[in-house]
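The lines below spell out each chain.
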Amino acid sequence: MANEAYPCPCDIGHRLEYGGMGCEVQVEHIKAYVTKSPVAAGKAVIVIQDIFGWQLPNTRYMADMIAGNGYITIVPDFFVGQEPWDPSADRSTFSEWLKTKNAQKIDKEVDAVLRYLKQECHAQKIGVVGFCWGGIAVHHLMMKYSEFRAGVSVYGIVKDSEDVYNLKNPTLFIFAENDAVIPLEQVSLLTQKLKEHCKVAYQIKTFSGQTHGFVHRKREDCSPADKPYIDEARRNLLEWLSKYI
């Protein structure tokens, strides 16, 4: 996600060369990328894109990683056919582009995806994971939909209002210490408010020395120093889903 002034620094990361293990399907009015696990046992995870859209190989890689741990995963096109942000575009146009991409106004699409997972995939236990723009969406959904048994918000901007602390089910928040658009003060405020108001399990982890996008936008071989943090964050994500779904 980005602040109001300039685009998400996810574009400083790597775009993976990755084809994917799943397939594209039509889910009512939107397209989606679905990966099925032979051992899913009625468990599913919705994976929410960053500003670069549902077809970004990095997001599909993360969805396939999650699926490999025993879940049906689905990456819906939450931009509903609109173009994702192009990192080569004029940055001065980003604010206008973002106005039509409200991460807190995706309930229609979420409802469609939930119907698909329940009716077509026979999912009974569902979680949600989101990166960047999708991290904001996860935060929103975990306050509104009690049917999400677990949520993981990965570097989603924290909105400073009282209603962002009323989580309905366990939520993990992953942040980077050197995130250009999420100051540590915002993370501290979120921590304080959750401690005061939240009545369900939650965890906030800030990874030392890391930057926005490190969990899904950096290659594992990008730096020997970064790899342990990437591995730990991904492991934490999977452990959270396993514990609560």
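Residues numbered from 1 in each chain as written. Predicted model: local features only at pLDDT ≥ 70, side-chain atom pairs only at ≥ 80, totals over all residues. Heavy atoms only, no water.

Undergrad: Even after reading the chapter, I still don't get the overall build of the chain, so can you show me in this structure?
TA: Counting its regular elements, the chain contains six helices and eight strands. Listing every helix and strand of the chain by position from the N terminus yields β-β-β-α-β-α-α-β-α-β-β-α-β-α. Its C-alpha atoms give the chain a radius of gyration of 17 Å, within 12% of the compact-globule value 18 Å for 245 residues. Seen through its principal axes, the chain has C-alpha atoms that stretch 45 × 40 × 40 Å. A total of 245 residues make up the chain; the buried ones form 54% of that total. Sequence-distant contacts, at least 24 apart, represent 72% of the contacts inside the chain between residues at least 6 apart. (Helix = DSSP H or I, 4+ residues; strand = E, 2+ residues; numbered from the N terminus. Rg over C-alpha atoms; globule rule 2.2 N^0.38 Å. Buried < 20%, exposed > 50% of the residue type's maximum accessible area, 1.4 Å probe, protein only. Contact = heavy atoms within 4.5 Å.)

Undergrad: Help me understand the pattern of salt bridges, please; the structure alone is not making it clear to me.
TA: In a structure, side chains of opposite charge can pair up when their charged atoms sit close to one another. Applying the stated criterion across every chain, the model contains seven salt bridges. In this structure, Arg 60 and Glu 24 form a salt bridge, with 2.9 Å as the shortest nitrogen-oxygen distance. Of the two residues, Arg 60 is situated in helix 1 (residues 57-67) and Glu 24 in strand 1 (residues 23-27); the sequence distance between them amounts to 36 residues. Of the residues examined, Arg 60 reaches a relative accessible area of 9% and is grouped as buried. Glu 147 serves as the salt-bridge partner of Lys 118, at 2.5 Å between the closest nitrogen and oxygen. Of this pair, Lys 118 sits in helix 3 (residues 107-119) while Glu 147 sits in the loop between helix 4 (133-144) and strand 6 (148-154); the two residues are 29 residues apart in sequence, bridging distant segments of the chain. Here Lys 118 falls in the partly exposed class, since its relative accessible area comes to 42%. Glu 147 gets classed as partly exposed once you look at its relative accessible area, which sits at 33%. (Salt bridge = Lys/Arg side-chain N within 4 Å of Asp/Glu carboxyl O.)

Undergrad: So what exactly am I meant to see when it comes to the sheet that holds strand 7 (residues 171-176) here?
TA: Hydrogen bonding along the main chain pairs the strands of a sheet, whether they run parallel or antiparallel. In space, the eight strands of this open sheet follow the order 1-2-4-3-5-6-7-8, with mixed pairing throughout. Two strands in the sheet have a free side with no partner beyond their single neighbour: strand 1 and strand 8 (202-207). On average, each strand axis in the sheet is tilted by 20° relative to the strand beside it, whichever way the strands run. Sheet topology places strand 3 (residues 43-48) next to strand 5 (residues 125-131); six bridges connect them, and they run parallel. Looking at strand 5, one finds that Val 47 is bridged to Val 129. Relative to the sheet, helix 6 (residues 227-244) contacts strand 3, strand 5, strand 6, strand 7 and strand 8, its axis offset from that of strand 6 by approximately 165°. (Pairing = 2+ DSSP bridges. Axes fitted to C-alpha atoms, helices over the stretch in contact; angles between N-to-C directions.)

Undergrad: Sorry, what's going on with the environment of Val 164 here?
TA: Among the structural elements, Val 164 can be located in the loop between strand 6 and strand 7. Residues Val 164 and Cys 198, 34 residues apart in the sequence, show an inter-C-alpha distance of 9.7 Å. The contact partners of Val 164, leaving out residues within four places of it in the chain, are His 139, Met 143 and Lys 159.

Undergrad: Whenever I open this one, the nonpolar core confuses me. Can you help?
TA: Looking at soluble globular proteins, one finds that nonpolar side chains tend to be buried together. Judged by nonpolar contacts, the single largest core of 83 residues is most densely connected at Ile 46, Ile 48, Ile 66, Leu 117, Phe 148 and Leu 241. Top contributing element to this core by residue count: helix 4, with seven residues. Setting aside chain neighbours within four positions, we find Ile 48 in contact with Phe 78, Ile 106, Val 128, Val 129, Gly 130, Phe 131, Trp 133, Gly 134, Ala 137, Val 138 and Leu 141. (Core = buried A, V, L, I, M, F, W, Y, C linked by side-chain atoms within 4.5 Å.)

Undergrad: How should I be thinking about the pairing of strand 2 (residues 30-35) in this particular structure?
TA: Burial within strand 2 is extensive, with five of its six residues counted as buried. Sheet topology places strand 2 next to strand 4 (residues 72-76); four bridges connect them, and they run antiparallel. Paired with Ala 32 across the two strands is Pro 76, which belongs to strand 4.

Undergrad: Explain the packing of aromatic side chains to me, please; I cannot follow it from the model alone.
TA: Describing an aromatic ring pair means giving the distance of the ring centres and the angle of the ring planes. Under the counting rule described, the total for this entry stands at eleven aromatic pairs. Pairing Phe 79 with Trp 97 gives two aromatic rings, centres 5.7 Å apart and planes at 85°, and the pair type is edge-to-face. Taken together, the residues Phe 79 in the loop between strand 4 and helix 2 (94-98) and Trp 97 in helix 2 connect sequence positions 18 residues apart. For the pair Phe 79 and Trp 97, one class covers both residues: buried. (Phe/Tyr/Trp six-rings, centres within 6.5 Å; stacked < 30°, edge-to-face > 60°.)

Undergrad: What's the story with the pairing of strand 6 in this structure? I'm lost.
TA: It is a general feature of regular strands that their side chains alternate between the two faces of the sheet. Counted residue by residue, strand 6 has six buried out of seven residues, so it is predominantly covered. In terms of strand pairing, strand 5 meets strand 6 through six bridges, oriented parallel. Looking at the pairing, Gly 130 lines up with Ser 153 of strand 6. Each parallel crossover has a hand, and the one from strand 5 via helix 4 to strand 6 is right-handed. Here four bridges tie strand 6 to strand 7, and the two strands are oriented parallel to one another. Pairing of Gly 151 across the sheet is with Thr 171, part of strand 7. (Right-handed = clockwise from strand over helix to strand, strands pointing away.)

Undergrad: Whenever I open this one, the environment of Leu 190 confuses me. Can you help?
TA: As for its placement among the helices and strands, Leu 190 is situated in helix 5 (residues 184-197). Its relative accessible area of 0% is what places Leu 190 among the buried residues. Ignoring any residue separated from it by four or fewer positions in sequence, one finds Leu 190 in contact with His 139, Val 158, Tyr 165, Phe 173, Phe 175 and Ile 204.

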